[in-house]
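Given next are the chains, with one letter for each unit.
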Amino acid sequence: MEDSILHPIARMKSDFPTKFGIPRQSGLVRELTSTIVFEPEFRDPSALHGIEGYSHLWLIWQFSENIRAAYSPTVRPPRLGGNARMGVFATRSPFRPNSLGLSCVELLGVEQTVQSGTVIHVAGADLMDGTPIFDIKPYIPYSDCHPEAAGGFTDDAEDFLLQVDFPAPLLEKLPPEKRQAVAGILSHDPRPSYQRDPERIYGLEFAGFNIRFSVRGKTLTVLAVAPLC
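Treat the numbers as computed from the prediction; the structure is a model and nothing was measured.

*Asks:* Quick one: what's the story with the pairing of strand E11 (residues 209–216), residue by residue and with numbers?
*Replies:* Relative to E11, strand E10 (residues 202–206) runs antiparallel, the two being bridged by 5 bridges. The partner of Leu204 across the bridge, within E11, is Ile211. Between E10 and the antiparallel strand that follows it, E11, lie 2 residues; Ala207 among them carries a positive phi value of about 55°. Note: E11 against strand E12 (residues 219–227), 8 bridges, orientation antiparallel. Across the sheet, Arg212 pairs through a bridge with Ala224, a residue of E12. Linking E11 back to E12 in an antiparallel pair, the connection comprises 2 residues, with Gly217 at a positive phi of about 65°.

*Asks:* A description of the sheet that holds E11 should follow, citing residues and the corresponding values.
*Replies:* Pairing is mixed across the open sheet formed by 4 strands, whose spatial order is E9-E12-E11-E10. Edge positions in the sheet fall to strand E9 (163–165) and E10, since each has one partner strand and no second. Taken pair by pair, the neighbouring strands of this sheet meet at an average axis angle of 35°, ignoring direction. Examined bridge by bridge, E9 and E12 share 3 bridges and lie parallel to one another. When the sheet's bridge partners are listed, Gln163 is paired in E12 with Thr219. Each of E9, E10, E11 and E12 is contacted by helix H3 (residues 176–187), which is oriented at about 140° to E10, the strand it contacts most.

*Asks:* Requested: an account of the nonpolar core, with residues and values cited.
*Replies:* Counting residues in hydrophobic clusters, the biggest one holds 24 residues, and the most contacted among them are Phe166, Leu186, Leu204, Phe206, Ile211, Val222 and Val225. Among the secondary structure elements, those contributing two or more residues to this core are H3, E10, E11 and E12. With sequence-adjacent residues up to four places away left out, Leu204 is seen in contact with Phe16, Phe20, Gly21, Ile185, Leu186, Phe209, Asn210, Ile211 and Phe213. Counting residues in hydrophobic clusters, the runner-up holds 19 residues, among them Met12, Phe38, Ile51 and Val105.

*Asks:* Go over the sheet that holds strand E2 (residues 33–38) with me, naming the residues and quoting the values.
*Replies:* Spatial strand order, E1-E2-E7-E6-E3-E8: 6 strands in a closed barrel with antiparallel pairing. Adjacent strand axes in the sheet meet at a mean angle of 45°, parallel and antiparallel pairs treated alike. Looking at chain direction, strand E1 (residues 10–13) and E2 are connected through 4 bridges and run antiparallel. In the sheet register, Lys13 faces E2, and the bridge partner there is Thr35.

Rules behind the numbers
Residues numbered from 1 in each chain as written. Predicted model: local features only at pLDDT ≥ 70, side-chain atom pairs only at ≥ 80, totals over all residues. Heavy atoms only, no water. Pairing = 2+ DSSP bridges. Helix = DSSP H or I, 4+ residues; strand = E, 2+ residues; numbered from the N terminus. Axes fitted to C-alpha atoms, helices over the stretch in contact; angles between N-to-C directions. Contact = heavy atoms within 4.5 Å. Core = buried A, V, L, I, M, F, W, Y, C linked by side-chain atoms within 4.5 Å. Buried < 20%, exposed > 50% of the residue type's maximum accessible area, 1.4 Å probe, protein only.

In structure tokens form, the structure reads like this:
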């Protein structure tokens, strides 16, 4: 039987032009907002009838920047410092046989636009700008929420939260509506797990700006903010 071919129904419009700095899981930074823009053939507004009755949605999407010809059965999760190996199906690693991602996002609203038809505004997404989305499903609390669930190795993994030192003159260079999101992103330590050099300067591209920072111990210090050329 011929394999089925998945076609994107939409693409994410977000403030991340590159992978660096994207939260490692959805929902970690609620202030991070983005927009789902449907492909032209899926812009019939009737397909979204009733969706505003839900507060959260599941997105099924593709790790489009991590597609590989072969996969490894084990990976090094960042939550374990990038040193210990786990089975790929026991993690949420982007390096998977089918490169599929699953994210739970908060539904902020549905908007009818002239240029893109009906779009969906969401919060807490962990998708890069342009990421293809294959399906959208409603989050249903009575079946999808399991407070008693075990979290595997993530229950005991290191806490990556950092204290963010963001000097006011630098913070004020960003649009007011982006400031809380940037602070939240930085607090979750966007560095690769194997990089801990306190002298190293990192650059995060977000919302049209390059944000340069360093990390010493548990404190992240923003050093510069400049518009992207």
